[in-house]
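# Geometric and topological summary
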Amino acid sequence: MSKQIRRMAAALMVVASACAPPAAEVPGGPAPRPGEEPRREEPAEPRREDPLRIGLIVSTSGSSVLKQYADLVLAGARVAEESGSTPSRDVELVVRDDGGTPFGAEAAVRELERAGVEVIVGPLMDEALIAAANARDSDDLVLISPTAVSQPFGVRNAWALNVVDTRGAEALGEYAARWSRVGVLYSRTPESQRQAEAFMAAYARSGRGTLIDAAFPPGSSNVTDQLTLLRDSLVEAVYFPASERELQIVLPQMEYSLTAVQLLGNESWIGDAARRVPQRVLEGAIVATPLDQSSDAVAWQEFVAQYESLHRRSLSNPVPALGYDAARLALHALTTGDSRVSDFRGATGVITLRDGDVTRRPFLLRIQGGRPVPLY
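Residues numbered from 1 in each chain as written. Predicted model: local features only at pLDDT ≥ 70, side-chain atom pairs only at ≥ 80, totals over all residues. Heavy atoms only, no water.

This part takes up helix α2 (residues 64-84). If you check α2, its first and last C-alpha atoms are 30 Å apart, about what 21 residues at 1.5 Å a residue would give, namely 30 Å. Those residues of α2 not exposed but buried are Leu66, Ala70, Leu72, Val73, Ala75, Gly76, Ala77, Val79, Ala80 and Glu81. (Helix = DSSP H or I, 4+ residues; strand = E, 2+ residues; numbered from the N terminus. Expected span 1.5 Å × (residues − 1). Buried < 20%, exposed > 50% of the residue type's maximum accessible area, 1.4 Å probe, protein only.)

Listed below in C-alpha coordinates is the structure:
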(Lines give C-alpha, C1' and ligand atoms only; values in the text may rest on other atoms or scores of the structure.)
Protein backbone atom coordinates (compact mmCIF):
# COMPACT_ATOMS: atom_id res chain seq x y z
CA MET A 1 0.00 0.00 0.00
CA SER A 2 2.77 2.39 0.82
CA LYS A 3 4.44 1.70 -2.51
CA GLN A 4 1.21 2.53 -4.34
CA ILE A 5 0.98 5.87 -2.48
CA ARG A 6 4.57 6.70 -3.37
CA ARG A 7 3.95 5.80 -7.03
CA MET A 8 0.79 7.99 -7.12
CA ALA A 9 2.64 10.89 -5.49
CA ALA A 10 5.48 10.58 -7.99
CA ALA A 11 3.00 10.49 -10.86
CA LEU A 12 1.25 13.60 -9.56
CA MET A 13 4.56 15.45 -9.34
CA VAL A 14 5.36 14.58 -12.95
CA VAL A 15 1.93 15.75 -14.12
CA ALA A 16 2.16 18.96 -12.04
CA SER A 17 5.61 19.68 -13.42
CA ALA A 18 4.41 19.17 -16.96
CA CYS A 19 1.38 21.42 -16.49
CA ALA A 20 3.16 24.23 -14.62
CA PRO A 21 4.05 27.35 -16.66
CA PRO A 22 7.70 28.35 -17.04
CA ALA A 23 9.15 30.02 -13.95
CA ALA A 24 9.20 33.42 -15.65
CA GLU A 25 5.44 33.17 -16.18
CA VAL A 26 4.61 32.48 -12.54
CA PRO A 27 3.38 35.70 -10.89
CA GLY A 28 6.11 37.17 -8.76
CA GLY A 29 8.83 35.16 -10.49
CA PRO A 30 10.35 31.85 -9.38
CA ALA A 31 9.75 30.69 -5.84
CA PRO A 32 12.64 31.40 -3.51
CA ARG A 33 15.00 28.54 -2.85
CA PRO A 34 15.34 27.26 0.68
CA GLY A 35 17.23 29.82 2.74
CA GLU A 36 16.73 32.65 0.23
CA GLU A 37 14.91 35.93 1.05
CA PRO A 38 11.57 36.36 -0.76
CA ARG A 39 11.75 38.77 -3.64
CA ARG A 40 10.51 42.27 -2.71
CA GLU A 41 8.29 44.23 -5.03
CA GLU A 42 9.52 47.78 -5.69
CA PRO A 43 6.86 50.37 -4.81
CA ALA A 44 5.40 52.08 -7.82
CA GLU A 45 6.32 55.73 -8.32
CA PRO A 46 3.39 58.00 -7.36
CA ARG A 47 1.72 59.63 -10.34
CA ARG A 48 2.99 63.19 -10.69
CA GLU A 49 0.35 65.87 -11.02
CA ASP A 50 0.85 69.23 -12.65
CA PRO A 51 2.55 71.65 -10.24
CA LEU A 52 0.64 74.25 -8.27
CA ARG A 53 1.93 77.48 -9.80
CA ILE A 54 2.13 80.67 -7.73
CA GLY A 55 3.18 83.95 -9.31
CA LEU A 56 5.66 86.14 -7.47
CA ILE A 57 6.14 89.80 -8.40
CA VAL A 58 9.23 91.37 -6.81
CA SER A 59 11.54 94.26 -7.61
CA THR A 60 14.80 92.56 -8.53
CA SER A 61 15.90 95.45 -10.76
CA GLY A 62 14.59 98.37 -8.70
CA SER A 63 16.44 100.42 -6.11
CA SER A 64 18.94 98.74 -3.81
CA VAL A 65 16.43 98.89 -0.95
CA LEU A 66 13.69 97.27 -3.02
CA LYS A 67 16.12 94.63 -4.27
CA GLN A 68 17.02 93.81 -0.68
CA TYR A 69 13.35 93.39 0.18
CA ALA A 70 12.86 91.30 -2.96
CA ASP A 71 15.64 88.94 -1.89
CA LEU A 72 14.19 88.61 1.62
CA VAL A 73 10.65 87.97 0.39
CA LEU A 74 11.87 85.46 -2.18
CA ALA A 75 13.89 83.60 0.48
CA GLY A 76 10.78 83.22 2.61
CA ALA A 77 8.58 82.22 -0.32
CA ARG A 78 11.11 79.53 -1.28
CA VAL A 79 10.58 77.95 2.15
CA ALA A 80 6.82 77.77 1.46
CA GLU A 81 7.53 76.36 -2.00
CA GLU A 82 9.72 73.63 -0.50
CA SER A 83 7.47 72.76 2.44
CA GLY A 84 4.28 72.86 0.36
CA SER A 85 5.50 70.34 -2.24
CA THR A 86 4.44 66.68 -1.89
CA PRO A 87 5.67 63.40 -3.46
CA SER A 88 2.87 63.65 -6.01
CA ARG A 89 2.76 67.38 -6.64
CA ASP A 90 5.22 70.28 -6.54
CA VAL A 91 4.63 73.90 -5.69
CA GLU A 92 6.29 76.14 -8.27
CA LEU A 93 7.06 79.85 -7.98
CA VAL A 94 6.83 81.78 -11.25
CA VAL A 95 8.90 84.92 -10.61
CA ARG A 96 8.55 88.22 -12.47
CA ASP A 97 10.32 91.55 -11.94
CA ASP A 98 8.32 94.79 -11.83
CA GLY A 99 11.35 97.10 -11.73
CA GLY A 100 10.00 98.77 -8.61
CA THR A 101 7.33 100.75 -10.52
CA PRO A 102 3.53 100.59 -10.77
CA PHE A 103 3.87 100.38 -14.56
CA GLY A 104 6.15 97.36 -14.20
CA ALA A 105 3.66 95.76 -11.80
CA GLU A 106 0.88 96.19 -14.37
CA ALA A 107 2.99 94.49 -17.05
CA ALA A 108 4.01 91.67 -14.69
CA VAL A 109 0.47 90.85 -13.61
CA ARG A 110 -0.76 90.79 -17.20
CA GLU A 111 2.06 88.43 -18.19
CA LEU A 112 1.35 86.07 -15.31
CA GLU A 113 -2.38 86.16 -16.02
CA ARG A 114 -1.76 85.22 -19.66
CA ALA A 115 0.43 82.35 -18.43
CA GLY A 116 -2.54 80.93 -16.53
CA VAL A 117 -1.40 81.85 -13.02
CA GLU A 118 -4.40 82.25 -10.69
CA VAL A 119 -2.76 83.63 -7.54
CA ILE A 120 0.17 86.01 -7.09
CA VAL A 121 2.40 86.98 -4.18
CA GLY A 122 3.23 90.66 -4.57
CA PRO A 123 3.85 93.34 -5.65
CA LEU A 124 5.83 94.74 -2.72
CA MET A 125 4.74 98.41 -2.64
CA ASP A 126 1.33 99.97 -1.96
CA GLU A 127 1.14 101.86 -5.26
CA ALA A 128 2.27 98.81 -7.23
CA LEU A 129 -0.34 96.61 -5.52
CA ILE A 130 -3.15 98.98 -6.51
CA ALA A 131 -1.83 99.27 -10.07
CA ALA A 132 -1.56 95.48 -10.40
CA ALA A 133 -5.07 94.97 -9.00
CA ASN A 134 -6.54 97.43 -11.50
CA ALA A 135 -4.62 95.86 -14.39
CA ARG A 136 -6.10 92.38 -13.92
CA ASP A 137 -8.45 91.07 -16.59
CA SER A 138 -10.44 89.43 -13.77
CA ASP A 139 -10.60 90.14 -10.06
CA ASP A 140 -10.72 86.37 -9.53
CA LEU A 141 -6.93 86.61 -9.79
CA VAL A 142 -5.70 86.83 -6.18
CA LEU A 143 -2.96 89.28 -5.16
CA ILE A 144 -1.30 88.99 -1.73
CA SER A 145 1.40 91.58 -1.09
CA PRO A 146 3.73 90.49 1.72
CA THR A 147 5.06 93.98 2.46
CA ALA A 148 2.42 96.56 1.43
CA VAL A 149 1.11 98.43 4.48
CA SER A 150 -2.17 99.87 3.12
CA GLN A 151 -5.10 97.60 2.35
CA PRO A 152 -6.63 98.60 -1.02
CA PHE A 153 -10.09 99.90 -0.18
CA GLY A 154 -12.97 98.22 -1.99
CA VAL A 155 -10.70 96.07 -4.19
CA ARG A 156 -11.62 92.39 -4.35
CA ASN A 157 -8.95 89.68 -3.88
CA ALA A 158 -6.10 92.13 -3.20
CA TRP A 159 -4.53 91.91 0.25
CA ALA A 160 -1.78 93.87 2.05
CA LEU A 161 -0.29 91.44 4.53
CA ASN A 162 1.88 93.98 6.37
CA VAL A 163 -0.96 96.31 7.35
CA VAL A 164 -1.15 97.25 11.04
CA ASP A 165 -4.64 96.49 12.29
CA THR A 166 -6.39 97.82 15.41
CA ARG A 167 -7.26 94.54 17.15
CA GLY A 168 -4.39 94.97 19.62
CA ALA A 169 -5.46 98.52 20.49
CA GLU A 170 -9.03 97.32 21.01
CA ALA A 171 -7.89 94.47 23.26
CA LEU A 172 -5.90 96.89 25.42
CA GLY A 173 -8.87 99.28 25.54
CA GLU A 174 -11.05 96.50 26.90
CA TYR A 175 -8.36 95.50 29.39
CA ALA A 176 -7.97 99.11 30.57
CA ALA A 177 -11.59 99.18 31.73
CA ARG A 178 -10.32 98.10 35.16
CA TRP A 179 -8.99 101.64 35.70
CA SER A 180 -11.28 104.62 36.21
CA ARG A 181 -8.98 107.30 34.78
CA VAL A 182 -6.98 106.45 31.66
CA GLY A 183 -4.82 108.68 29.49
CA VAL A 184 -4.05 108.26 25.80
CA LEU A 185 -0.77 109.79 24.62
CA TYR A 186 -0.28 109.68 20.86
CA SER A 187 1.04 111.47 17.82
CA ARG A 188 -1.47 112.81 15.30
CA THR A 189 -0.01 110.70 12.54
CA PRO A 190 -2.62 108.62 10.70
CA GLU A 191 -1.40 105.31 12.11
CA SER A 192 -1.01 106.42 15.73
CA GLN A 193 -4.35 108.25 15.64
CA ARG A 194 -6.04 105.15 14.25
CA GLN A 195 -4.67 103.06 17.10
CA ALA A 196 -5.60 105.66 19.72
CA GLU A 197 -9.17 105.96 18.44
CA ALA A 198 -9.62 102.18 18.46
CA PHE A 199 -8.36 102.04 22.05
CA MET A 200 -10.64 104.86 23.19
CA ALA A 201 -13.69 103.35 21.47
CA ALA A 202 -13.11 99.99 23.16
CA TYR A 203 -12.60 101.64 26.55
CA ALA A 204 -15.74 103.74 26.12
CA ARG A 205 -17.81 100.63 25.41
CA SER A 206 -17.12 99.50 28.97
CA GLY A 207 -19.38 102.33 30.13
CA ARG A 208 -17.18 103.34 33.03
CA GLY A 209 -14.22 105.61 33.63
CA THR A 210 -12.80 108.79 32.16
CA LEU A 211 -10.49 109.18 29.17
CA ILE A 212 -7.91 111.96 28.90
CA ASP A 213 -6.86 112.69 25.32
CA ALA A 214 -3.23 113.89 25.16
CA ALA A 215 -2.35 114.10 21.48
CA PHE A 216 0.79 115.83 20.22
CA PRO A 217 1.84 117.08 16.75
CA PRO A 218 3.71 114.68 14.46
CA GLY A 219 7.47 114.90 14.82
CA SER A 220 7.39 116.55 18.26
CA SER A 221 10.35 115.86 20.51
CA ASN A 222 8.94 117.63 23.57
CA VAL A 223 5.65 116.42 25.07
CA THR A 224 5.90 118.21 28.41
CA ASP A 225 2.48 119.82 28.11
CA GLN A 226 0.78 116.51 27.35
CA LEU A 227 2.55 114.72 30.21
CA THR A 228 1.61 117.53 32.59
CA LEU A 229 -2.03 117.18 31.55
CA LEU A 230 -1.95 113.46 32.26
CA ARG A 231 -0.24 113.92 35.62
CA ASP A 232 -2.64 116.64 36.76
CA SER A 233 -5.59 114.49 35.66
CA LEU A 234 -4.45 111.79 38.11
CA VAL A 235 -4.49 109.05 35.48
CA GLU A 236 -3.95 105.49 36.66
CA ALA A 237 -2.88 104.11 33.28
CA VAL A 238 -1.57 105.56 30.00
CA TYR A 239 -1.78 104.03 26.52
CA PHE A 240 1.02 105.12 24.16
CA PRO A 241 0.92 103.63 20.61
CA ALA A 242 4.42 104.71 19.70
CA SER A 243 6.51 104.57 16.58
CA GLU A 244 10.09 103.41 17.13
CA ARG A 245 11.33 107.00 17.04
CA GLU A 246 8.65 108.23 19.45
CA LEU A 247 9.39 105.40 21.82
CA GLN A 248 13.01 106.43 22.19
CA ILE A 249 12.25 110.16 22.53
CA VAL A 250 9.10 110.18 24.66
CA LEU A 251 9.44 107.19 26.97
CA PRO A 252 12.38 108.62 28.98
CA GLN A 253 10.33 111.81 29.54
CA MET A 254 7.45 109.74 30.89
CA GLU A 255 9.72 108.25 33.56
CA TYR A 256 10.14 111.64 35.26
CA SER A 257 6.59 112.91 34.73
CA LEU A 258 4.43 109.89 35.53
CA THR A 259 5.08 107.64 38.50
CA ALA A 260 3.03 104.71 39.79
CA VAL A 261 1.12 104.68 36.50
CA GLN A 262 0.46 101.53 34.50
CA LEU A 263 1.92 101.91 31.01
CA LEU A 264 0.23 100.29 28.01
CA GLY A 265 1.89 100.05 24.61
CA ASN A 266 1.98 98.53 21.15
CA GLU A 267 4.44 96.11 19.52
CA SER A 268 7.14 98.80 19.25
CA TRP A 269 7.62 98.39 23.00
CA ILE A 270 9.10 94.92 22.49
CA GLY A 271 10.87 95.62 19.18
CA ASP A 272 14.48 96.48 18.41
CA ALA A 273 13.98 100.16 19.27
CA ALA A 274 13.02 99.24 22.84
CA ARG A 275 16.53 97.92 23.45
CA ARG A 276 17.80 101.51 23.38
CA VAL A 277 15.32 102.63 26.04
CA PRO A 278 16.16 102.34 29.76
CA GLN A 279 14.74 98.96 30.73
CA ARG A 280 13.52 100.26 34.09
CA VAL A 281 11.00 102.40 32.18
CA LEU A 282 9.65 99.39 30.31
CA GLU A 283 9.44 97.08 33.32
CA GLY A 284 5.85 96.11 34.08
CA ALA A 285 4.40 97.64 30.91
CA ILE A 286 1.58 95.73 29.22
CA VAL A 287 1.76 95.58 25.43
CA ALA A 288 -0.39 94.23 22.61
CA THR A 289 1.43 92.53 19.75
CA PRO A 290 0.29 90.47 16.76
CA LEU A 291 3.20 88.06 17.20
CA ASP A 292 4.39 86.21 20.27
CA GLN A 293 7.32 84.24 18.88
CA SER A 294 7.31 81.84 21.82
CA SER A 295 3.64 80.85 21.40
CA ASP A 296 2.59 77.57 19.82
CA ALA A 297 -0.40 79.42 18.39
CA VAL A 298 1.87 80.79 15.66
CA ALA A 299 4.24 79.03 13.26
CA TRP A 300 7.25 81.28 13.90
CA GLN A 301 9.56 78.65 15.36
CA GLU A 302 8.69 76.11 12.66
CA PHE A 303 9.39 78.68 9.96
CA VAL A 304 12.77 79.58 11.47
CA ALA A 305 13.79 75.90 11.53
CA GLN A 306 12.66 75.37 7.91
CA TYR A 307 14.32 78.60 6.75
CA GLU A 308 17.67 77.79 8.33
CA SER A 309 17.56 74.20 7.05
CA LEU A 310 16.83 75.26 3.46
CA HIS A 311 19.13 78.29 3.22
CA ARG A 312 21.90 77.09 5.54
CA ARG A 313 22.06 80.41 7.37
CA SER A 314 20.51 82.02 10.42
CA LEU A 315 17.37 84.10 10.08
CA SER A 316 18.38 87.66 10.94
CA ASN A 317 15.42 89.61 9.50
CA PRO A 318 11.64 89.13 9.93
CA VAL A 319 10.74 90.06 6.33
CA PRO A 320 11.20 86.49 4.97
CA ALA A 321 8.40 85.40 7.32
CA LEU A 322 6.05 87.76 5.44
CA GLY A 323 7.08 86.17 2.14
CA TYR A 324 6.50 82.73 3.65
CA ASP A 325 3.04 83.59 4.97
CA ALA A 326 2.03 85.29 1.71
CA ALA A 327 3.04 82.20 -0.29
CA ARG A 328 1.23 79.84 2.09
CA LEU A 329 -1.91 81.98 1.95
CA ALA A 330 -1.60 81.99 -1.85
CA LEU A 331 -1.39 78.19 -1.80
CA HIS A 332 -4.49 78.08 0.40
CA ALA A 333 -6.37 80.30 -2.06
CA LEU A 334 -5.21 78.17 -4.99
CA THR A 335 -6.31 74.87 -3.46
CA THR A 336 -9.61 76.07 -1.93
CA GLY A 337 -10.66 78.64 -4.52
CA ASP A 338 -11.17 81.26 -1.80
CA SER A 339 -8.64 83.86 -0.63
CA ARG A 340 -10.59 84.49 2.58
CA VAL A 341 -9.39 82.68 5.67
CA SER A 342 -9.94 82.86 9.43
CA ASP A 343 -7.33 82.23 12.14
CA PHE A 344 -4.64 81.04 9.74
CA ARG A 345 -1.62 79.86 11.73
CA GLY A 346 1.15 81.89 10.15
CA ALA A 347 4.74 82.69 11.02
CA THR A 348 3.82 86.36 11.51
CA GLY A 349 0.73 85.71 13.61
CA VAL A 350 -2.75 84.20 13.57
CA ILE A 351 -4.09 85.79 10.38
CA THR A 352 -7.59 86.50 9.14
CA LEU A 353 -8.37 87.76 5.62
CA ARG A 354 -12.02 88.76 5.50
CA ASP A 355 -14.29 91.62 4.46
CA GLY A 356 -11.42 93.49 2.81
CA ASP A 357 -9.31 93.53 5.97
CA VAL A 358 -6.15 91.77 7.09
CA THR A 359 -6.07 91.28 10.86
CA ARG A 360 -4.08 89.26 13.36
CA ARG A 361 -5.15 87.94 16.72
CA PRO A 362 -3.50 90.10 19.44
CA PHE A 363 -1.33 88.75 22.24
CA LEU A 364 -1.21 90.69 25.51
CA LEU A 365 2.21 90.51 27.15
CA ARG A 366 3.79 92.01 30.26
CA ILE A 367 7.43 93.10 30.23
CA GLN A 368 8.94 91.31 33.18
CA GLY A 369 12.63 91.06 33.95
CA GLY A 370 13.42 92.67 30.63
CA ARG A 371 11.45 90.16 28.53
CA PRO A 372 7.80 89.85 27.44
CA VAL A 373 5.74 87.12 29.09
CA PRO A 374 2.08 86.23 28.52
CA LEU A 375 -0.26 88.37 30.58
CA TYR A 376 -2.72 85.51 31.11
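On we go.
So, on to the packing of α2 against helix α11 (residues 319-336). Between α2 and α11, whose axes approach to 7 Å, the crossing angle comes to 45 degrees. One element, α2, and the other, α11, form an angle in the oblique class. In the crossing of α2 with α11, the sense of the turn from one axis to the other is right-handed. Contacts from Tyr69, Leu72, Val73, Gly76, Ala77, Val79, Ala80, Ser83 and Gly84 of α2 reach α11 at Val319, Pro320, Gly323, Tyr324, Ala327, Arg328 and Leu331. By residue class, the composition of the contact of α2 with α11 is 11 nonpolar, four polar and one charged. (Axes fitted to C-alpha atoms, helices over the stretch in contact; angles between N-to-C directions. Parallel < 35°, antiparallel > 145°, perpendicular 65-115°, else oblique. Left-handed = near helix turned anticlockwise from the far one by under 90°. Contact = heavy atoms within 4.5 Å. Nonpolar A, V, L, I, M, F, W, Y, C, P; charged D, E, K, R; others polar.)

This part takes up the sheet that holds strand β2 (residues 91-97). The strand order across the open sheet built from five strands is β2-β1-β3-β4-β5, with neighbouring strands paired in parallel fashion. Of all the strands in the sheet, the pair left with one neighbour each is β2 and β5 (158-160). The mean angle between the axes of side-by-side strands here comes to 20 degrees, regardless of whether they run parallel or antiparallel. By the bridge criterion, two bridges tie strand β1 (residues 52-58) to strand β3 (residues 119-121) in an arrangement that is parallel. Following the sheet pairing, Leu56 is matched in β3 by Val121. (Pairing = 2+ DSSP bridges.)

The predicted model of the protein averages 89 in pLDDT, with 88% of residues at 70 or higher. Low confidence marks residues 1-28, where pLDDT is under 50. Its contacts with residues over four positions away, or in another chain, come to five contacts. (pLDDT = per-residue confidence, 0-100.)

This part takes up the pattern of salt bridges. Taken as a whole and judged by the stated rule, the model has 14 salt bridges. Between Glu191 and Arg194 there is a salt bridge, with the nearest N and O atoms lying 3.5 Å from each other. Taken as a pair, Glu191 and Arg194 lie in helix α6 (residues 190-204) at a separation of three residues, close to a single helical turn. Taking the shortest distance from any N to any O, the salt bridge between Glu302 and Arg345 comes out at 2.5 Å. Placement of Glu302 in helix α10 (residues 300-311) and of Arg345 in strand β11 (residues 341-346) is noted, with a sequence separation of 43 residues between them. When salt bridges that share partners are traced, they join Asp139, Asp140 and Arg156 into one network. (Salt bridge = Lys/Arg side-chain N within 4 Å of Asp/Glu carboxyl O.)

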